[in-house]
Amino acid sequence: MMALKKDFLWGGAVAAHQIEGAWQEGGKGLSIADVMTAGSNGVDRRITDGVLDGENYPNHEAIDFYHHYNEDVALFKELGLKAFRTSIAWSRIFPKGDEEAPNEEGLKFYDDLFDELLNAGIQPVITLSHFEIPYHLAKEYGGFRNKKCIDFFVRYAKVVMNRYKDKVKYWMTFNEINNQADGQSELHAWTNSAIQFIDGENKEEVIYQAGLNELIASAKVIKLGHEINPEFQIGCMMAYVPLYPYSCNPDDMMASVKVMNRRFFYSDIHARGEIPAYILKEWETKGYKIDYSPEELTNLKEGTVDFIGFSYYMSGAVSTLKDVVEKFPVTEYPNAKLVVNPYIEASDWGWPIDAIGLRYTLNIIHQRYNLPMFIVENGFGAYDKVEEDGSIQDPYRVAYLSQHIKEMVTAVEEDGVDLLGYTPWGIIDIVSFGTGEMEKRYGFIYVDKDNLGNGTLKRSKKDSFYWYQEVIRKNGI
Ligand code: BG6
């Protein structure tokens, strides 16, 4: 039986905007995350026109990692992490995004952070764009609907890949690039592509164009990165939410294929370097005029990924059957209906919990691309309570993670998938991306701060900290 590799990258993951704070320090420019207000469980965050007085912007301070990283890296070392996934805040390096020269103070911050990690024996794993595109690119250029953003992204990536070529080996281009796949969500259009829709335009067409522009930018950066350092491993970052057919009715089976194709569009191009036939047909049928040149098609071919990085939190189900669709609360999706899967439970935020879905996903991706994979996010957002003695008992988190790790190990040992590592999400409590809450906690390390921003920012170890320490020490056995 094949066990996890000896150098398996056990780690933890975060993103710059959800952790760093210091939104105006070190020459940093405004990012698209800086104009997102706090929402709450079930209440969406709002995107404001610039930073407005009287609004609560939780990412401005986040957990102030910018000033606490020495202390936090010491805790990561104690935990035994081999890898730490974070992103570079693009607007620390190019504050507006379209400058010719980078901001040295921003570059220096990541030099110091990466040195601190490497000295602790922890590899940085870096996402280049994790929902923190410079705000100026949204306002001035309309985000990634504009092809100029391809060049700005390539310039930024060139600078950081050159600067950190001896410190960072694992890179990913665009975080959860397929979140925008439904072509409708205002939040995802903003966070993936810095796009705000204009009245009357076809949202789906706009998102296809932006997505393709990002895929071209990604491919150019992958080619460039390999020239900068042939040792670089550069991946994509997909949100894999398998959408099962609700039943074995052939119509449900086909509905599942159709909905999954919308999401696979992104990784199919990342991994195979060409626009898949099912998408070309869709564009033709719907009369979409997606702009791409022969040269850009060559770019796609020349910049395919070395590995598939992905997040896995949940699965879903899709149905076409009238009685099913009527029985359960239904979420609309173009050409399909997402229904509740009655075989699994959900978290307090309604996220379905399906550990076997992780094994299923590893198999599907392995069969589709035959590339190494890296699980760069997985985790359980929950309310935690600090007991009178200061302890934080979180057996629910341990239960979720241990079930998922077990399925992950089975996928390697029994199914033979090639897996580089596992970096559970929010290794330390951070601001939730979706709701802006602090109290949707994922961490093994507790941070004393509430949804309104009150708290000392003190860090404490949860019970899960000691559990994960053992998992790493025993290499998942
Ligand atoms: C992924 C993102 O969607 O899921 C992260 O890459 C995010 O940025 C994570 O934080 C969990 O989502 P949420 O909304 O619970 O923070």
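Residues numbered from 1 in each chain as written. Predicted model: local features only at pLDDT ≥ 70, side-chain atom pairs only at ≥ 80, totals over all residues.

This is how it is decided: UniProt positions are given in the numbering used here, feature names are shortened, and annotations may be inferred rather than shown by experiment.
As annotated in an unreviewed UniProt entry, the chain carries the name 6-phospho-beta-glucosidase and comes from Paenibacillus sophorae. Word for word, the UniProt comment on the chain under Sequence similarities (unreviewed entry) is "Belongs to the glycosyl hydrolase 1 family."

1. Observations concerning the overall build of the chain
This is how it is decided: Helix and strand assignments follow DSSP, with helices taken as H or I runs no shorter than four residues and strands as E runs no shorter than two, numbered in order from the N terminus. This radius of gyration counts C-alpha atoms alone. The globule rule is 2.2 Å times how many residues there are, raised to the power 0.38. Buried residues are those with 20 or more other C-beta atoms within 10 Å of their own C-beta, exposed residues have 12 or fewer, and partly exposed residues lie in between; C-beta atoms are placed from the backbone.
Of regular secondary structure, the chain possesses 15 helices and 16 strands. Scaling as 2.2 N^0.38, a compact globule of 477 residues should have a C-alpha radius of gyration of about 23 Å, and the chain matches this with 21 Å. Structurally, the chain occupies a C-alpha span of about 60 × 55 × 50 Å along its principal axes. Counting over 477 residues, the chain shows a buried share of 50%.

2. Here's the deal with the sheet that holds strand E5 (residues 233-239)
Think of a sheet as strands paired side by side through backbone hydrogen bonds, with each pair either parallel or antiparallel. Just so we agree on the cut-off: In short, DSSP must find at least two bridges between two strands for them to pair. As a rule, the C-alpha atoms of each element are fitted with a line to give its axis, helices using only the stretch in contact, and angles between N-to-C directions run from 0 to 180 degrees. Any two residues are considered in contact once their C-beta atoms, placed from the backbone, lie within 7 Å.
In space, the 8 strands of this closed barrel follow the order E1-E2-E3-E4-E5-E7-E13-E14, with parallel pairing throughout. Strand-to-strand twist in this sheet, taken as the mean axis angle between neighbours without regard to direction, amounts to 30°. Note that strand E13 (residues 373-377) and strand E14 (residues 419-422) share 3 bridges and pair parallel. Counted as the bridge partner of Ile375 is Tyr422 from E14. In the packing of helix H8 (residues 203-228) onto the sheet, the strands contacted are strand E4 (170-174) and E5, and the crossing angle to E4 comes to about 160°.

3. Considering the UniProt feature "active site" (unreviewed entry) in the chain
Mapped onto the present numbering, the UniProt feature "active site" (unreviewed entry) falls at Glu377. Apart from the residues lying within four places of it in its own chain, the contact partners of Glu377 are Ala13, Ser311 and Trp425.

4. Quick word on the site of the ligand
Formally: Using a C-beta atom placed from the backbone, a residue is scored as near a molecule or strand whenever that atom is within 6 Å of it. The classification used treats Ala, Val, Leu, Ile, Met, Phe, Trp, Tyr, Cys and Pro as nonpolar, Asp, Glu, Lys and Arg as charged, and all other residues, Gly among them, as polar.
Neighbouring the ligand are 14 residues, the closest being Glu176, Gly381, Ser432, Phe433 and Gly434. Class assignment of the residues belonging to the shell around the ligand gives a composition of 4 nonpolar, 7 polar and 3 charged.

5. Considerations on the pairing of strand E1 (residues 9-13)
A large share of E1 lies buried, amounting to 5 of its 5 residues. Here E1 shows two buried faces, one formed by Leu9, Gly11 and Ala13 and the other by Trp10 and Gly12. For E1 and E14, the ladder comprises 2 bridges, and the chain directions are parallel. Within E14, the position partnered with Trp10 by the bridge is Tyr422. Of the pairings in the sheet, the one linking E1 to strand E2 (residues 83-87) comprises 3 bridges and is parallel in character. Residue pairing for E2: Gly11 is matched across the bridge by Ala83.

6. Describing the nonpolar core
What counts here: What we call a nonpolar core is a set of buried Ala, Val, Leu, Ile, Met, Phe, Trp, Tyr and Cys residues whose membership is set by joining through C-beta atoms within 7 Å.
In terms of nonpolar packing, the biggest core is built from 137 residues, with Ile88, Met238, Ile308, Phe310 and Met373 touching the most fellow members. Looking at this core element by element, the count peaks at 11 residues for H8. Beyond its immediate sequence surroundings of up to four residues, Met238 is in contact with Glu176, Ile177, Asn178, Tyr266, Ser267, Ile308 and Phe310.

7. So, helix H15 (residues 463-473)
Formally: This arc is taken over the directions from the axis of the helix to the C-beta atoms.
The set of residues buried in H15 consists of Ser464, Phe465 and Tyr468. One side of H15 holds all its buried residues, which, seen down the axis, span an arc of 105°. With respect to the buried face of H15, the exposed residues turned more than 90 degrees away are Tyr466, Glu470 and Arg473. In the core, the buried residues of H15 are packed alongside helix H2 (65-79), helix H14 (395-413), strand E15 (445-447) and strand E16 (459-461). Looking one or two places after H15, you find Asn475, whose phi comes out positive at around 50°.

8. Some words on unusual backbone geometry
Located in the positive-phi region is Ala22, a residue other than glycine, with phi close to 45°. Take Ala22: it is sitting in the loop between helix H1 (16-19) and H2. Positive phi values are uncommon outside glycine, yet Ala62 reaches one of about 45°. As for its position among the elements, Ala62 is in the loop between H1 and H2. What makes Ala62 buried here is the crowd of 26 C-beta atoms within 10 Å.

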